[in-house]
Amino acid sequence: MEPEKVRLGIAGLGMAGAVMVHAARAHPAIALVAAADPHAAPRAAFTADTGLAAHADIAALCDDPSIEAIYIATPHQFHAAHVALAAAAGKHVIVEKPIALDLADAARIVELADQAGITLIVGHTHGFDPGVRLMRRMIASGAHGRLGLIAQWNYTNYLYRPRRPEELDTARGGGIVFNQMPHQIDVARVLAASPARSVRAHLLALDPARPTEALGSAMIFFDNGAAATLTYSGHDQFDADELHGWVAESGALKSPAHGAARRALASVTAEATARTERFAYGATANPPRAHLPHFGMLIATCAHADLRATPDGVAVYDATGVTQHDAERRPGVPGRAEVLDDLVAALRQGVAPLQDARWGMATLRVALAMLTSARERREVVLD
Ligand SMILES: NC(=O)c1ccc[n+]([C@@H]2O[C@H](COP(=O)([O-])OP(=O)(O)OC[C@H]3O[C@@H](n4cnc5c(N)ncnc54)[C@H](O)[C@@H]3O)[C@@H](O)[C@H]2O)c1
């Protein structure tokens, strides 16, 4: 007999919440039950599409005895409070990255999850992508020899999408260190499979009109002797998808549009309103994903092979030439489907998730160390 579906509520019907609605509806082991968002427009769109209840307050999801788990996709500053509400109601949790904005809140979340005895997963990040999971298995198999270096770089229009004021203020969770580089940190940690020991970073805010870091590079050194280099630029100049066959981050096909975000932003008058409205559930499409999601160039160098993320899996470059290994494809939203897989595996088979609260806290620790390293121009050792 099939185990019962996991009954899920979604808190936050913005950019991340919208994608998870599609992922949950497509996942064979998930039953989407309800959503919550203070804004009326995404609630109405959600109910029109799904026939399900949409509440104005996350408390209604916590009070619903039929809901087992809540996906928290509210803005970062609410993560700790919303995890506390869900944990107090005994709900399992998926909380979006970053887990919190400081280590005290992250530690509180770890403690809350422990005390409530709930499963807590931090995601989605691109560390869940099917191609990254395939690459992790290939490295772990030992077939390609010892892992030496993970190189990642991504160039996007991040800085010039419409933003709320806090998204342009690093102290309040703005900029690439809290929003974009956690994907790269997670991918590196998933592949290295070893604790991060130290970090050296370079981060700059080059546009005084948008004074948060949108350009950076970091090197992470792992316990096992491997290292990772991460480079990110969100200046809407070069677009790394050009080197990935014009496949977008989601896995959908896209057309080149260099500079389009900056040109569009110039004609936006109420930026914060545009930010909220443009990305809310109902305002965004659910694009067909012809390929896998990705986060720019990713190459892992092992003793006998380079492994490169490709639109459909991993290319292995070794003494025999190049071999393409496709990752498993299934209906739904790849990347998010794996987050839900891990929730189902935890609740129905007792399999502990890799990307749990302690994992999320460790990723945050690396991100915060990058800020310190860049500010103080030194390597930061993680204890
Ligand atoms: N994994 C990814 O690829 C990815 C992509 C985008 C965002 N995110 C993460 O998801 C989180 C949300 O980001 P976003 O871009 O979707 O933001 P967003 O502003 O588009 O959406 C947030 C939504 O939460 C709602 N909200 C605010 N307070 C609420 C409350 N008390 N109860 C319920 N809903 C509430 C807002 O009305 C809004 O609709 C962030 O932490 C972000 O880092 C992750």
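Treat the numbers as computed from the prediction; the structure is a model and nothing was measured.

So, how was this worked out
- Residues numbered from 1 in each chain as written.
- Predicted model: local features only at pLDDT ≥ 70, side-chain atom pairs only at ≥ 80, totals over all residues.
- Heavy atoms only, no water.
- Helix = DSSP H or I, 4+ residues; strand = E, 2+ residues; numbered from the N terminus.
- Rg over C-alpha atoms; globule rule 2.2 N^0.38 Å.
- Buried < 20%, exposed > 50% of the residue type's maximum accessible area, 1.4 Å probe, protein only.
- Contact = heavy atoms within 4.5 Å.
- Lys, Arg positive; Asp, Glu negative; His and termini not counted.
- Charge placed at Lys NZ, Arg CZ, Asp CG, Glu CD.
- Near = heavy atom within 4 Å.
- Polar contact = N/O pair within 3.5 Å; in protein donor to acceptor, adjacent residues only side chain to side chain.
- Areas by Shrake-Rupley, 256 points an atom, 1.4 Å probe, with all protein chains shown as cover.
- Nonpolar A, V, L, I, M, F, W, Y, C, P; charged D, E, K, R; others polar.
- Domains from an automatic or database assignment.
- Pairing = 2+ DSSP bridges.
- Axes fitted to C-alpha atoms, helices over the stretch in contact; angles between N-to-C directions.
- Core = buried A, V, L, I, M, F, W, Y, C linked by side-chain atoms within 4.5 Å.
- Buried area = accessible area lost by both parts, 1.4 Å probe.
- Salt bridge = Lys/Arg side-chain N within 4 Å of Asp/Glu carboxyl O.

1. Points about the overall build of the chain
Each helix and strand in the chain was counted, giving 12 helices and 15 strands. Its C-alpha atoms give the chain a radius of gyration of 20 Å, near enough to 21 Å, the size a compact globule of 383 residues would have. Oriented by its inertia axes, the alpha-carbon framework of the chain measures out at about 55 × 55 × 40 Å. Burial statistics for the chain: of 383 residues in total, 55% are counted as buried. For the chain, long-range pairs separated by at least 24 residues make up 70% of all intrachain contacts whose partners lie at least 6 apart in sequence. Here the chain holds 35 positive side-chain charges and 40 negative ones, and the gap between their average locations is 2 Å.

2. Focus: the site of the ligand
As a matter of local geometry, the ligand sits amid 24 residues, with A16, D37, K97, H124 and R164 nearest to it. Contact distances for the ligand include 2.8 Å between an oxygen atom and a backbone N or O atom of A16. In this structure, an oxygen atom belonging to the ligand sits 3.0 Å away from a side-chain N or O atom of H79. In the complex, 89% of the free accessible area of the ligand, which totals 830 Å², lies under the protein chains. Listed by contribution, the elements that provide at least two residues to the shell around the ligand are α1 (15–26) and α4 (79–88). Grouping the constituent residues of the shell around the ligand by class yields nine nonpolar, nine polar and six charged. Split by domain, the shell around the ligand shows at least three residues from each of two domains, domain 1 (6–126 + 332–356) and domain 2 (127–331 + 366–381).

3. Brief notes about the sheet that holds strand β10 (residues 227–233)
Sheet architecture is open: nine strands sit in the order β14-β13-β12-β11-β7-β10-β9-β8-β15, paired in mixed fashion. Looking along the sheet, the strands with just one partner apiece sit at the ends: β14 (321–326) and β15 (380–381). Two elements, strand β9 (residues 215–222) and β10, share seven bridges in a ladder whose sense is antiparallel. What sits directly across from G216, in β10, is Y232. In the packing of helix α8 (residues 181–192) onto the sheet, contacts are made with β7 (147–155), β8 (196–204), β9, β10 and β11 (297–302), and the angle to β7 comes to roughly 160 degrees.

4. Describing the side chain of H183
Position of H183 among the secondary structure elements: in helix α8. Owing to a relative accessible area of 5%, H183 belongs among the buried residues under this scheme. Here H126 takes part through its backbone nitrogen, which lies 3.1 Å from a polar atom of the side chain of H183.

5. Looking at the nonpolar core
Counting 78 residues, the largest nonpolar core has I99, L120, M135, L307 and M370 as the members making the most contacts within it. If one sorts the elements of this core by residue count, helix α12 (residues 357–376) sits on top with 10 residues. Composition of this core by domain shows at least three residues from each of domain 1 (6–126 + 332–356) and domain 2 (127–331 + 366–381). Dropping the residues within four chain positions of it, M135 is found in contact with L191, L298, A300, L307, R308, A309 and V314. With 27 residues, the next largest nonpolar core counts M20, L32, Y281 and L347 among its residues.

6. Describing the domain arrangement of the chain
Looking at the chain, the domain boundaries give domain 1 (6–126 + 332–356) and domain 2 (127–331 + 366–381). With centres defined by C-alpha atoms, the gap from domain 1 to domain 2 works out at 23 Å. With 38 residues of domain 1 in contact, the opposing surface of domain 2 contributes 34 residues. Roughly 3,000 Å² of surface becomes buried between domain 1 and domain 2 when both sides are summed, with 59% attributable to carbon and sulfur atoms. The tally of links between domain 1 and domain 2 comes to three salt bridges. Across the contact surface, domain 1 and domain 2 share 16 residue pairs in polar contact (both at pLDDT 80 or more). For the side of domain 1 that touches domain 2, the class distribution of residues is 19 nonpolar, 13 polar and six charged.

7. Here we look at unusual backbone geometry
The amide bond that connects K97 to the next residue, P98, takes the cis arrangement and shows omega of -10 degrees. Note that P98 resides in the loop between β5 (92–95) and α5 (103–116). Of note, the amide linkage connecting G123 to H124 takes the cis form, showing an omega dihedral of 15 degrees. Structurally, H124 is set in the loop between β6 (120–122) and α6 (130–141). Non-glycine residue D236 carries a positive phi angle of around 55 degrees. Tracing the backbone shows D236 in the loop between β10 and α9 (260–266). A positive phi angle, near 55 degrees, is found at W246, a position not held by glycine. Given the relative accessible area of 18%, W246 is considered buried.

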